[in-house]
Amino acid sequence: MTSKVDLRSDTVTQPTEGMRAAMAAAPLGDDVFGDDPSVNALQDKIAAMLDFEAALFVPTGTQSNLCAILAHCQRGDEYIVGQMQHCYRWEGGGAAVLGSVQPQPLSHQADGTLALADIEAAVKPDDPHFARSRLLALENTLGGKLLPMAYIEQATELARRQGLARHLDGARLFNAAVAQAALLGTEARAEARRIAGCFDSVSVCFSKGLGAPVGSALCGSAEFIARARRIRKMAGGAMRQAGGLAAAASYALDHHIARLADDHGLAKRLADGLSGIEGLQVEAPQTNILFVDLVGSARDRSEALLRHLASQGIQATGLYRLRFVTHLDVDAAGVDRAIAAIRGFFSH
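Throughout what follows, the structure given in this document is the object of discussion. (Residues numbered from 1 in each chain as written. Predicted model: local features only at pLDDT ≥ 70, side-chain atom pairs only at ≥ 80, totals over all residues. Heavy atoms only, no water.)

1. Concerning the sheet that holds strand S12 (residues 317-318)
Reading across the sheet, the four strands line up as S9-S10-S13-S12 and stay open at both edges, with antiparallel pairing between neighbours. For this open sheet the edge positions go to strand S9 (280-282) and S12, each flanked by a neighbour on one side alone. Both S9 and strand S10 (residues 289-294) contribute to a ladder of three bridges, which runs antiparallel. Looking across to S10, one finds that Val282 is bridged to Val292. (Pairing = 2+ DSSP bridges. Helix = DSSP H or I, 4+ residues; strand = E, 2+ residues; numbered from the N terminus.)

2. Structural notes on the pairing of strand S3 (residues 77-82)
Consecutive side chains along a regular strand alternate between the two faces of the sheet. For S3, a buried count of six out of six residues is recorded, marking the element as mostly surrounded by other parts of the structure. Residue alternation in S3 divides its side chains into two sets, Asp77, Tyr79 and Val81 and Glu78, Ile80 and Gly82, and both sets are buried. Where S3 and strand S4 (residues 102-106) come together, five bridges link them in parallel fashion. For Ile80, the partnering residue across the bridge sits in S4 and is Gln104. (Buried < 20%, exposed > 50% of the residue type's maximum accessible area, 1.4 Å probe, protein only.)

3. With respect to the pattern of salt bridges
Following the criterion strictly, the structure yields 19 salt bridges and no others. Among the ionic pairs, Asp6 bridges to Arg8, the shortest N-O distance being 2.6 Å. The exposure class assigned to Asp6 is buried, which follows from its relative accessible area of 13%. On the basis of relative accessibility, which here comes to 34%, the residue Arg8 falls in the partly exposed class. Across the salt bridge formed by Arg227 and Glu223, the nearest N and O atoms sit 3.7 Å from each other. (Salt bridge = Lys/Arg side-chain N within 4 Å of Asp/Glu carboxyl O.)

4. Overview of the packing of aromatic side chains
A complete count under the given rule lists two aromatic pairs for this structure. Ring geometry for Phe57 and Phe206: centres 6.4 Å apart, planes at 45°, overall tilted. Residue Phe57 is found in strand S2 (residues 54-58), and its partner Phe206 is found in the loop between strand S7 (201-205) and strand S8 (216-220); the two are separated by 149 residues along the sequence. Assessed through its relative accessible area of 0%, Phe206 is described here as buried. (Phe/Tyr/Trp six-rings, centres within 6.5 Å; stacked < 30°, edge-to-face > 60°.)

5. Notes on the side chain of Glu139
Checked against the element boundaries, Glu139 lands in strand S5 (residues 132-139). At 5.6 Å, Arg172 is the nearest oppositely charged side chain to Glu139, a buried residue that forms no salt bridge. Of the polar contacts made by the side chain of Glu139, one reaches the backbone nitrogen of His86; its length is 2.7 Å. Beyond its immediate sequence surroundings of up to four residues, Glu139 is in contact with Gln85, His86, Leu147, Leu168 and Asp169. (Lys, Arg positive; Asp, Glu negative; His and termini not counted. Polar contact = N/O pair within 3.5 Å; in protein donor to acceptor, adjacent residues only side chain to side chain. Contact = heavy atoms within 4.5 Å.)

6. Observations concerning the packing of helix H8 (residues 173-184) against helix H12 (residues 260-274)
With their axes 9 Å apart at the nearest point, H8 and H12 run at an angle of 80° to one another. Between H8 and H12, the crossing angle belongs to the class labelled roughly perpendicular. Residues Phe174, Asn175, Val178 and Ala179 of H8 lie in contact with H12, whose contacting residues are Leu260, Ala261 and His264. When its residues are assigned to classes, the contact of H8 with H12 shows five nonpolar, two polar and no charged. (Axes fitted to C-alpha atoms, helices over the stretch in contact; angles between N-to-C directions. Parallel < 35°, antiparallel > 145°, perpendicular 65-115°, else oblique. Nonpolar A, V, L, I, M, F, W, Y, C, P; charged D, E, K, R; others polar.)

7. A short note on the packing of H12 against helix H14 (residues 332-346)
Contact pair H12 / H14: the axes reach a minimum separation of 9 Å and the direction vectors enclose 20°. The angle between H12 and H14 places the two elements in the roughly parallel class. Crossing hand, H12 versus H14: right-handed. Contacts between H12 and H14 involve Leu266, Arg269, Leu270, Gly273 and Leu274 on the former and, on the latter, Ala332, Val335, Asp336, Ala338, Ile339, Ile342 and Arg343. Split by residue class, the contact of H12 with H14 holds eight nonpolar, one polar and three charged. (Left-handed = near helix turned anticlockwise from the far one by under 90°.)

8. Brief notes about the nonpolar core
Judged by nonpolar contacts, the single largest core of 58 residues is most densely connected at Ile46, Leu50, Leu138, Phe174, Val202, Phe206 and Leu253. Per-element tally for this core: the top contributor is H8, with seven residues. The contact partners of Leu253, leaving out residues within four places of it in the chain, are Leu42, Lys45, Ile46, Met49, Phe174, Arg189, Phe206 and Leu210. Of all hydrophobic cores here, the second largest spans 26 residues; its members include Leu270, Leu274, Leu309 and Ile339. (Core = buried A, V, L, I, M, F, W, Y, C linked by side-chain atoms within 4.5 Å.)

9. Focus: helix H11 (residues 243-255)
The end-to-end C-alpha separation of H11 is 18 Å, in line with the 18 Å expected for 13 residues at 1.5 Å each. Along H11, 10 of the 13 residues are buried, which leaves the element largely enclosed by surrounding structure. Turning to H11, its buried residues number three or more, namely Gly243, Gly244, Ala246, Ala247, Ala248, Ala249, Ser250, Tyr251, Ala252 and Leu253. Packed against the buried residues of H11 are helix H1 (17-25), helix H2 (37-49), S2, H8 and helix H9 (188-196). (Expected span 1.5 Å × (residues − 1).)

The structure is reproduced here in structure tokens:
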């Protein structure tokens, strides 16, 4: 097949023509000296959008979360986090390895939340036997699931009462905001501010559904961002003429938020197309991520299925649990190709 349908992740997107033009036209400076105008404009834009004092442009979401945790916590402190959250499970243990900050992971409920009672029980007393509980970290969306707004308000208020700072890994914050706005009949940017307003710091990724090639931003108070800037330098994330990358992110904020609803619709289209196939359990998607479990005799055919999809030019990840992610480089025709390929495989 000459054309690919890449459903592995929304990180695989290519810059659009408009984004490439914005990158080419971006004025540049030296961001280590703080004088790249495109970086400064992006930081001001995302901070204002989410109603924070300041923001910091960093190369990756992993580094954004690392800077956040280390800016909130000191050596011997701990952060409370879910077992399946990215900043615990998928980021190489960076806070522990590089900052001597201990994670206290908790099990998730079926909807992706952390039970309020579990959070409260995890907060340690002020005693030399224990690491100091300093931070609650949540993630929205988590595995494509939208954390309910009422839950976010309750969990972050509990953290505040317990003296904990609150950090949101909002790698897909705007997916969450678009989904929440659709449920409430409101506007996505307003919902993004509403979610972010429950936290002391928020990390936002530009290189996932928003479609920029590189970069994340960490938002917080001016004092917090000043601490994070020092950590970014130590972690090797201070870039020089980064304005071209910042311009892509800024373009994404201007042009690619509302269109995330298209990705959500395509994930539902894919789920609907795969429903009813014997051996597949399709989890209804809430945003742009669809999980499909292979059960029964279908489990033994998982590797063959992935090979079959690859032969049809369709890329996915997983084995017994497949993950399909829709994004701006996937259209309805591509989704329909994937449906036809999977149905064809199981019809034999």
